[in-house]
Amino acid sequence: ARRVWVDGTELVLSELEVRLMVHFARHIGQACPHAETIEAVWDAAHVETWSAPSRDGKFHPLHTRVARLRDKLGIARRLLQSRKAVGYVLMQEAP
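Scoring rules and cut-offs
- Residues numbered from 1 in each chain as written.
- Predicted model: local features only at pLDDT ≥ 70, side-chain atom pairs only at ≥ 80, totals over all residues.
- Heavy atoms only, no water.
- Salt bridge = Lys/Arg side-chain N within 4 Å of Asp/Glu carboxyl O.
- Buried < 20%, exposed > 50% of the residue type's maximum accessible area, 1.4 Å probe, protein only.
- Helix = DSSP H or I, 4+ residues; strand = E, 2+ residues; numbered from the N terminus.
- Polar contact = N/O pair within 3.5 Å; in protein donor to acceptor, adjacent residues only side chain to side chain.
- Core = buried A, V, L, I, M, F, W, Y, C linked by side-chain atoms within 4.5 Å.
- Contact = heavy atoms within 4.5 Å.
- Pairing = 2+ DSSP bridges.

**Concerning the pattern of salt bridges**
- Counting across every chain of the model gives 3 salt bridges.
- As a salt-bridge pair, Arg-3 and Glu-10 come within 3.0 Å of each other at their nearest N and O atoms.
- Between Arg-77 and Asp-71 there is a salt bridge, and its shortest N-O distance comes to 3.1 Å.
- With relative accessibility at 37%, the residue Arg-77 sits in the partly exposed group.
- A relative accessible area of 54% places Asp-71 in the exposed class.

Below you can see the structure in the form of C-alpha cells.
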C-alpha cells in the first residue's frame, strides 16, 4: 500500500489521488502534460474520452481531481503547481 505524508501527518487519499501523487512524484520538478497524466492515472476507458480538452480547452475531470488533491495537501498544496495549457508540476520545494 502506498501512503502519502505531509508534515508528519498521513493523508487520507482515494486510490485515484494516490495514483496522481505517484505520477507527479515520478516526474518531480517536470511538467506533466494533461493528456499524459490522464493516460498514466485513469483506465483506458477514460483516456479516450478525457485525453483531449473540451471545447473550452480544459481537462475538467483532471482539474477537478487535482483541486481535491490540493485541498487535502493543505499547506503543501503550493508544491503542486499548474502550468497553463501544459499540465502540472510537483515541486520538491516551495517556490
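**Regarding the environment of Gln-81**
- Considering the arrangement of structural elements, one finds Gln-81 in strand β4 (residues 80-83).
- Since its relative accessible area comes to 16%, Gln-81 is described here as buried.
- In this structure the C-alpha to C-alpha distance between Gln-81 and Gly-29, which are 52 residues apart in sequence, comes to 9.9 Å.
- Looking at Gln-81, its side chain comes within polar contact range of the side chain of Arg-83, at 3.1 Å.

**Things to note about the nonpolar core**
- Among the nonpolar cores identified, the biggest contains 22 residues, and Leu-13, Met-21, Phe-24, Leu-62, Leu-69, Leu-73 and Leu-80 are the most heavily contacted of them.
- Those elements giving two or more residues to this core turn out to be α1 (15-26), α2 (34-41), α4 (60-73) and β5 (87-90).
- With near-sequence residues (within four places) excluded, Leu-13 lies in contact with Val-4, Val-18, Met-21, Leu-69 and Lys-72.

**A word on the pairing of β4**
- Relative to β5, β4 is paired through 4 bridges, and the arrangement is antiparallel. Among the inter-strand pairings, Leu-80 is bridged to a residue of β5, identified as Leu-90.
- Joining the antiparallel neighbours β4 and β5 is a turn of 3 residues, in which Ala-85 adopts a positive phi near 65°.

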